[in-house]
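For reference, the chains in residue letters:
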Amino acid sequence: MEMREDPRENGIILHLSGRIDSSTAPLLEGELNRLIGAGNRKVLLEFSSVTYISSGGLRILLITAKKLRDPGDRFGLCCLPAEVYKILRMAGFTSLFPIYPDEGAGLAGW
Amino acid sequence: MRVLPGGKEILTNSSWNPLPGAEDLRLFPFTRKIDTVSSNSYIIATNERVILIDPGGLPEQTGILTSAIGQLFGTRDVPVTVLFSHVHVDHCIEALRNPWFARPAVLLGAQDAGAAALERGDNRLTQAKLLGEDLAPVRVPLRVLAPVDRGTGAIYRPDFPRSPAGLRLRYNPIVEEGEVFHRQFADIGEGITGELYHTPGHSPDSMCLRIGRTLFMGDILFAASPGMAGVVGWDQKALLSSIRNLLSVIEHDHVEVCCPGHGRPLAASDAMDLLRDVYRDTLTLDGIQEMNPERARFIAEYSEILTERLSEIFTVITGRLLYLCHILEELEEAGVASGLEELDRGALVDDLIQEFHRFGESYRAGKVQDVHIVLKAAQVVRKIEPALEKEGISAVIDPTMVRRAERLISDYMSTVRGFRIEHGTGRIDLSNLVSGIVGKMSAEASEDDEIMDIADDEEAFRTALVRRLAHIPVFDEIEILFDHDKGPHVVNTDEERLSDLFAAILEDLAGAGAGEITISLVKEEDTVALTIWSSDLPSRAPFSKREIKFLQTECDLCGGRISYGKVDGHVKIGISFNSLS
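Residues numbered from 1 in each chain as written. Chains lettered and ligands numbered in written order. Predicted model: local features only at pLDDT ≥ 70, side-chain atom pairs only at ≥ 80, totals over all residues. Heavy atoms only, no water.

Draft legend 1. Examining the overall build of chain A more closely. If you tally the helices and strands in chain A, you get four helices and five strands. Secondary structure elements of chain A occur, N-terminal to C-terminal, as β-β-α-β-α-β-α-β-α. Over its C-alpha trace chain A gives a radius of gyration of 13 Å, about what one expects of a compact globule, namely 13 Å for 110 residues. Counting only C-alpha atoms, chain A reaches 30 × 25 × 20 Å along its principal axes. (Helix = DSSP H or I, 4+ residues; strand = E, 2+ residues; numbered from the N terminus. Rg over C-alpha atoms; globule rule 2.2 N^0.38 Å.)

Draft legend 2. Representation of the interface of chain B and chain A within the structure. Opposite the 36 residues of chain B that make contact, chain A presents 27 residues. Surface buried jointly by chain B and chain A totals about 2500 Å² across both partners, of which 55% is contributed by carbon and sulfur atoms. Between chain B and chain A we count five salt bridges in total. When the shortest N-O distance is used, the salt bridge between Asp508(B) and Lys86(A) registers 2.2 Å. (Contact = heavy atoms within 4.5 Å. Buried area = accessible area lost by both parts, 1.4 Å probe. Salt bridge = Lys/Arg side-chain N within 4 Å of Asp/Glu carboxyl O.)

Draft legend 3. Region of interest: the sheet that holds strand 2 (residues 22-30) of chain B. Residue and element names in this part refer to chain B. Taken in spatial order, the seven strands make up an open sheet running 1-2-3-4-5-6-7, and their pairing is mixed. Each of the sheet's edge strands pairs with one partner strand only, and the pair in question is strand 1 (17-19) and strand 7 (142-144). The average angle at which neighbouring strand axes cross in this sheet is 30°, direction not considered. Direction of pairing for strand 3 (residues 41-45) relative to strand 4 (residues 50-53): antiparallel, over a ladder of four bridges. Of the residues in strand 4, the one forming a bridge with Ile43 is Leu52. The strands touched by helix 3 (residues 112-119) within the sheet are strand 6 (106-111) and strand 7, with strand 6 carrying the most contacts at an inclination of about 115°. (Pairing = 2+ DSSP bridges. Axes fitted to C-alpha atoms, helices over the stretch in contact; angles between N-to-C directions.)

Draft legend 4. Region of the structure containing the pattern of salt bridges. Taken as a whole, this structure holds 45 salt bridges over all chains when the rule is applied. Where Glu547(B) meets Arg309(B), a salt bridge forms, and the shortest distance between an N and an O atom there is 3.9 Å. On the criterion of sequence distance, the pair formed by Glu547(B) in helix 16 (residues 545-557) and Arg309(B) in helix 6 (residues 293-330) is long-range, its members being 238 residues apart. For the residue pair Glu547(B) and Arg309(B), the accessibility class agrees, reading buried in each case. It is possible to trace a salt-bridge network through shared partners that takes in Lys86(A), Arg309(B), Glu312(B), Asp508(B) and Glu547(B). (Buried < 20%, exposed > 50% of the residue type's maximum accessible area, 1.4 Å probe, protein only.)

Draft legend 5. Broad picture of the side chain of Asp370(B). Tracing the backbone shows Asp370(B) in helix 9 (residues 370-384). Asp370(B) gets classed as buried once you look at its relative accessible area, which sits at 12%.

Draft legend 6. Up close: the packing of helix 11 (residues 399-416) of chain B against helix 15 (residues 495-511) of chain B. Residues and elements named next belong to chain B. One way to put it is that helix 11 packs onto helix 15 with a least axis distance of 11 Å and a crossing angle of 110°. By the criterion of interaxial angle, the relationship of helix 11 to helix 15 is roughly perpendicular. As for how helix 11 packs across helix 15, the hand of that crossing is left-handed. Contacts between helix 11 and helix 15 involve Thr400, Met401, Arg403, Arg404, Arg407 and Asp411 on the former and, on the latter, Glu496, Arg497, Ser499, Asp500, Ala503, Ala504 and Glu507. (Parallel < 35°, antiparallel > 145°, perpendicular 65-115°, else oblique. Left-handed = near helix turned anticlockwise from the far one by under 90°.)

Draft legend 7. Quick look at the packing of aromatic side chains. Scanning all chains against the criterion turns up nine aromatic pairs over all chains. Ring geometry for Tyr302(B) and Tyr412(B): centres 5.7 Å apart, planes at 55°, overall tilted. Here Tyr302(B) is found in helix 6, whereas its partner Tyr412(B) is found in helix 11, with 110 residues between them in sequence. Across the pair, Tyr412(B) and Tyr302(B) agree in class, each one buried. Each member of the aromatic cluster is reached from another via a ring pair, and the members are Phe75(A), Phe93(A) and Phe97(A). The lysine or arginine in question, Arg19(A), covers the ring of Tyr52(A), its NZ or CZ lying 4.1 Å from the ring centre. Arg103(B) extends its terminal NZ or CZ atom over the ring of Trp100(B), reaching a point 4.4 Å from the ring centre. (Phe/Tyr/Trp six-rings, centres within 6.5 Å; stacked < 30°, edge-to-face > 60°. Lys NZ or Arg CZ within 6 Å of the ring centre and 35° of its normal.)

Draft legend 8. Spatial organisation of unusual backbone geometry. Residue and element names in this part refer to chain B. Looking along the chain, the bond that leaves Gly487 and enters Pro488 is cis, with omega of 0°. Mapping Pro488 onto the fold places it in the loop between strand 18 (479-484) and strand 19 (490-493). Although it is not a glycine, Glu332 adopts a positive phi angle of roughly 60°. Inspection of the secondary structure puts Glu332 in the loop between helix 6 and helix 7 (334-341). If you check the backbone angles, Glu525 has positive phi at about 50° while not being a glycine. Looking at where Glu525 falls in the secondary structure, it is placed in the loop between strand 20 (516-524) and strand 21 (527-533).

Draft legend 9. Molecular detail of the sheet that holds strand 20 of chain B. Residue and element names in this part refer to chain B. Pairing is mixed across the open sheet formed by five strands, whose spatial order is 18-20-21-23-22. Of all the strands in the sheet, just strand 18 and strand 22 (561-567) have a single pairing partner and so form its edges. Going across the sheet, the axis of each strand differs from the next one's by a mean of 15°, ignoring polarity. Note that strand 21 and strand 23 (residues 570-578) share seven bridges and pair antiparallel. Within the sheet, the bridge partner assigned to Thr527 lies in strand 23 and is Asn578.

Draft legend 10. Looking closely at the packing of helix 6 of chain B against helix 11 of chain B. Residue and element names in this part refer to chain B. Axis separation between helix 6 and helix 11 bottoms out at 10 Å; the angle between their running directions is 160°. Taken as axis vectors, helix 6 and helix 11 run roughly antiparallel relative to one another. In this structure, the crossing between helix 6 and helix 11 has a hand that is left-handed. Taken together, the residues that form the contact of helix 6 with helix 11 break down as 15 nonpolar, two polar and five charged. (Nonpolar A, V, L, I, M, F, W, Y, C, P; charged D, E, K, R; others polar.)

So this is what it looks like as structure tokens:
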């Protein structure tokens, strides 16, 4: 899995690509912890090139959502491929944090 | 250190040991992790000669074996008799390719049928094709346990004296209750006689060799294993007979150590237990399909979609448990949440799927063969199965999820074992079935009255609350239209399997972002046609080619025929059945 930061005026986008599986989920968790630790309280995960998400990946999303829920915090996902969206929807995660069709829609209200 | 019941160490690997029961001889076992690339090898040495059982399939293995021989004989060109427990390539290919074995001092020997297979370069009986190899014909001068020797009593094979590595052989069958067990005595040297036994079943040429209290048993312990049972040349009846005969040999000839073709040497009592297990398993393998290269290709493709689907179901189950625990914690029900966390085996399953994915990458890169991925998937699936805490999970999460995972596992294992997948059949009215599923998908978790009625009972309330919270309204924002003619729509199908297939198609459409799904059911002459589509799907097709193939297989098992394609600009999935009305 590859990750690329993309700081914007009203939040930071983390572009993800590849598989979020048992070997890469800890890397994602580390990166999110680092970003949040550095004071980023508005984080948008961009999923267009993610091909797979494991239960370990879902866990990281949930943990991150819990960390970013103070007033003014924002956490969301955008550009989900069908197979990833299906997993989130079937697991009930689509009600836990906002999911946007694209980056613009995500950052618009932040 | 592994020891025999008497306290003696079984054997030290990759070292010279006294041969149990014939201590004047020395035995060098080379055992390795179990795989289909290369077998174990065993070297038996007298002062004058060497017998090498199964050289295996790796050049580095030959290197170890030749230096072990060098340890005893230095630079002396000692005669080497190579005996193949059977001629599957993982046991013999080094002897066919490595120039060390082409020297005059080396004599290749096999049971008659195996020798013939090597001499005609038979890629099927040797499993060469299945394991991605291509054999050139090779001469195998020493044919043992040949039918031509039967009835020749004490007459030695005429070709033996030509090579110092030849074996003096004498046919001496064991006849018990009218059953003939083909046996040949072989003079090993130094006054010691070995016994060769013909033990077909795993392959027609399988044989075992006993010297003293040591039995070299080839692959009989693996003959009923998924993926191995049913290989070309496999024979259930012969295998059962061979197991019975070997059990008798181990018992009556006081065998102490059994050296299998793969895995570590065993105490005789352990080997007997395993043989009895193999016997029981073999009895269940009536009428299995042949595991040939074509079938391995089919199952290899199936294994990839299977693991993809299993991964998806387990991720959803774990995701729902995570979601539920999160909500319960928010409601300050941490105790209930931690009870549910115990059901979560997501990390274990993630690791197994990851392991399979890495293996799949090697497969797609052409580094491993179809049969390897088939066996890897079987290994992974068998480890995943116990992770499915059926009762606990079904109590809180949609039980059809567990049912679907269970069925995937069982279908795959049946396929790998060579069985046809079991499926039920019955007269079903499709309009009732579809209405029922659509109604269930659109239903609320539970009625408000229901939960209010039990509010006084703390335990019952908590259980009902968990169930209510666990209900994931996957279709709540999707309009599902069900349109049907007056029918009747009675067909022959497997109701449970079709319900799950239908639900899976709807979930796939929902996952692809459908806002509206239309289902139509029409009776046309002698056909009942069920069609599912969405008019507002994003441009990307919701089903990959591999998924369509999987749906096709499932549909076949439901007695239907699937069609998939764009009609009027919409991706439509059709399932048609022969009408019974």
